[in-house]
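Read off the chains here:
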Amino acid sequence: MPHAERFPFTRRTALQLAALALASVAGAAHAQAWPSKPVSLVVPFPAGGTTDVLARALAERLSPAIGQPVIVENKPGAGATIGADYVAKAKADGHTLLIGAVHHTIASSVYKKLPYDFQKGFEPVTVIAMVPNVLVVNARTPAKNVNELVALIKAKPAEASYGSNGNGTAQHLIGTQFQQQTGTRLQHIPYKGSGPLATDLLGGQILMSFDTITPVLPHIKAGKLRPLAVTTAKRSPALPDVPTLQEAGLKDFDIGTWFGVLAPVGTPKPVLDRLSAEATKIIQSPDFRKRMDDIGAQPVGNSPAEMAAQIRSETDKFSLLVKAGNVTVE
């Protein structure tokens, strides 16, 4: 019987094997140790908006799943970039997470200088939900459809304004594209979030907004706001009788808002794997899906790789729209 070929077992080989064993033990320890304290979900908008609602819905179910309190922290301002910067600079141990959104892929092109890189500074975990945006006006506004609204804006341009959740957000870009396609001019009024925006819209201080469905749906049901069109290519199940902007004649108009979980870059992979597994299990559960249906959101729960690809694709897409609309923020 031929003898097996012998390989020399050197001191270097022994050290390499020991390092691999230690790395394996450390990785397992990370997975077992996380979380060792309360986990913060940082929402870069004030309380009451879609980001906040989704964060609290996830936190409520994630806490018992991981055995630690999950706390929602609101850090609004600068088109959601203040909260993102806070998380980008946090310790990468899985205890401080960002509820990011499509706004961050837009901000990468809108802001001339950001203190973080959205693609390089974060680890994608999963997209929680996709929420269509909806063009709404105060119910006292005479316009009953998009064509009537455009005529009203052109007749009284000095009184025409729209609100958004801040410079560089999806609502800002939707408003810019709306003006380009309708040949109108609107004054842009940026707010820190949906709460103060809705207050002024209900009070008649602004003419219209392109907010996500979630914060305006109760006002629509109460008859205080009138929806004229959704901004996505397909109608929303939450507002099945409301046409799309494409149906209203605005060609290729398809912008919605997604919201997802991200961790600081460098967060250990075992932590990310467990976080992704727990979050997607919650998002895909019947209970969570029912909650999303009630607020006009469409649950997603995709993989980190799929979320990363989505971020890359949308960053490129919105870069072109930002350049076309000449949208910039200092």
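See above for the structure.
Residues numbered from 1 in each chain as written. Predicted model: local features only at pLDDT ≥ 70, side-chain atom pairs only at ≥ 80, totals over all residues. Heavy atoms only, no water.

### A look at the sheet that holds strand β1 (residues 39-43)
Read from one edge to the other, the open sheet built from six strands follows the order β2-β1-β3-β10-β4-β11, with strand pairing classed as mixed. Every other strand in the sheet has two partners, leaving β2 (70-74) and β11 (298-299) as the edge strands with one partner each. When β1 meets strand β3 (residues 96-101), the two strands line up parallel, connected through three bridges. Bridge pairing links Ser 40 to Thr 96 in β3. In this fold helix α2 (residues 50-66) packs onto β1, β2, β3, β4 (122-132) and β10 (256-264), with an angle of close to 160° to the strand it touches most, β2. (Pairing = 2+ DSSP bridges. Helix = DSSP H or I, 4+ residues; strand = E, 2+ residues; numbered from the N terminus. Contact = heavy atoms within 4.5 Å. Axes fitted to C-alpha atoms, helices over the stretch in contact; angles between N-to-C directions.)

### Structural notes on the side chain of Thr 96
Structurally, Thr 96 can be placed in strand β3. Beyond its immediate sequence surroundings of up to four residues, Thr 96 is in contact with Ser 40, Val 42, Tyr 86, Val 87, Ala 90 and Pro 264.

### A few points about the pairing of strand β7 (residues 187-190)
Judged from the four bridges that link them, strand β6 (residues 161-164) and β7 form a sheet pairing that is parallel. In the strand pairing of β7, Ser 161 is matched with Gln 187. Between the parallel elements β6 and β7, the chain passes through helix α6 (residues 170-182) in a crossover that is right-handed. (Right-handed = clockwise from strand over helix to strand, strands pointing away.)

### What about the packing of aromatic side chains?
Tallied over the entire structure, the rule returns four aromatic pairs. For the ring pair Phe 178 and Phe 210, a centre distance of 5.4 Å and an interplane angle of 55° mean the geometry is tilted. Here Phe 178 is found in helix α6, whereas its partner Phe 210 is found in the loop between β8 (208-209) and α8 (213-221), with 32 residues between them in sequence. Each of the two residues, Phe 178 as well as Phe 210, counts as buried. (Phe/Tyr/Trp six-rings, centres within 6.5 Å; stacked < 30°, edge-to-face > 60°. Buried < 20%, exposed > 50% of the residue type's maximum accessible area, 1.4 Å probe, protein only.)

### Here we look at unusual backbone geometry
With omega at -5°, the peptide bond leading from Trp 34 into Pro 35 counts as cis. Of note, Ala 78 is a non-glycine position whose phi angle comes to about 55°, a positive value. Owing to a relative accessible area of 39%, Ala 78 belongs among the partly exposed residues under this scheme. Positioned with a positive phi, Ala 80 is a non-glycine residue whose angle comes to about 80°. Looking at the element boundaries, Ala 80 is found in the loop between β2 and α3 (81-88).

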